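The chain contents come next:
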Amino acid sequence: MSALPKVRIVPGRLLEPYFEPYAKEQQLEVPDASELPGIIESFRNEWRVFEEKILSGMCSATGLAFAQSEIDVYIVRNLRGGMSDPMIISAKPSPGRFVDLLTHELIHRISSRNSEGILPFSIID
């Protein structure tokens, strides 16, 4: 099996201005910027517990292997939920819910790129 990608969970400060209209329209409570480092650290800690099992299970279940060696996951304060490409996830969920959202978005990424014929992955031998 190919090596699993490293998931890098990082602040998405430069993306946040794009979500301001959405946050205003949805009347979202946005965490303070000073809370973001702690939120990201809690997400990283929770993801580490499940990362290998989730990624290897995803590859095994789909028959695909990620060709990407790293996947950046941008955390923004003014979004609900997430999106898969670019990988952007809200700073609002609990760490356990974050793992669920990240897994969901990773499934979208691997399956949508497979169906479109775009190659961020390779077939497992």
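(A) Quick peek at the pattern of salt bridges. The final tally for this structure, using the stated rule, is five salt bridges. We note a salt bridge from R8 to D72, for which the minimum N-O separation is 2.6 Å. With R8 in strand β1 (residues 6-11) and D72 in strand β3 (residues 70-76), the pair connects residues that are 64 residues apart, well separated along the chain. Residue classification places R8 among the partly exposed residues on the basis of a relative accessible area of 35%.

(B) Looking closely at the packing of aromatic side chains. The tally for this structure, following the rule as stated, stands at one aromatic pair. With centroids separated by 4.1 Å and ring planes inclined at 5°, the aromatic side chains of F43 and F98 adopt a geometry described as stacked. Separated by 55 residues along the polypeptide, F43 in helix α2 (residues 36-62) and F98 in helix α3 (residues 95-116) bring together distant segments of the chain. Overall, the relative accessible area of 0% leaves F43 in the buried class.

(C) Spatial organisation of helix α1 (residues 16-26). Restricting attention to buried positions, one finds in α1 the residues E16, F19 and A23. Seen from one end, α1 has its buried residues packed into an arc of 60°, which puts them on one side. Projecting away from the buried face of α1 at angles above 90 degrees are the exposed residues Y18, P21, K24 and E25. Buried residues along α1 sit in contact with α2, β3, β4 (82-84) and β5 (87-90). Just beyond α1, the residue with positive phi is Q27, at close to 55°.

(D) Structural view of α2. In this model α2 runs just 34 Å from its N-terminal to its C-terminal C-alpha over 27 residues, more than 12% under the 39 Å that 1.5 Å per residue would give. Roughly 55° is the biggest bend found in α2, and it falls at F50. Positive backbone phi, approximately 75°, marks G63, located one or two places after α2.

(E) Representation of the side chain of E51 within the structure. Here E51 lies in helix α2. Of the side chains with opposite charge, K6 comes closest to the buried, unpaired E51, at an N-O distance of 4.4 Å. The contacts of E51, once residues within four sequence positions are left out, are P5, K6 and V7.

(F) Region of the structure containing the side chain of S90. Turning to its location among the elements, S90 is positioned in strand β5. Apart from the residues within four sequence positions on either side, S90 is in contact with F43, I75, V76, L79, R80 and G81.

What counts and what doesn't
Residues numbered from 1 in each chain as written. Predicted model: local features only at pLDDT ≥ 70, side-chain atom pairs only at ≥ 80, totals over all residues. Heavy atoms only, no water. Salt bridge = Lys/Arg side-chain N within 4 Å of Asp/Glu carboxyl O. Helix = DSSP H or I, 4+ residues; strand = E, 2+ residues; numbered from the N terminus. Buried < 20%, exposed > 50% of the residue type's maximum accessible area, 1.4 Å probe, protein only. Phe/Tyr/Trp six-rings, centres within 6.5 Å; stacked < 30°, edge-to-face > 60°. Arc of directions from axis to C-beta. Contact = heavy atoms within 4.5 Å. Expected span 1.5 Å × (residues − 1). Bend = angle between axes of the 7 residues up to and from the residue. Lys, Arg positive; Asp, Glu negative; His and termini not counted.

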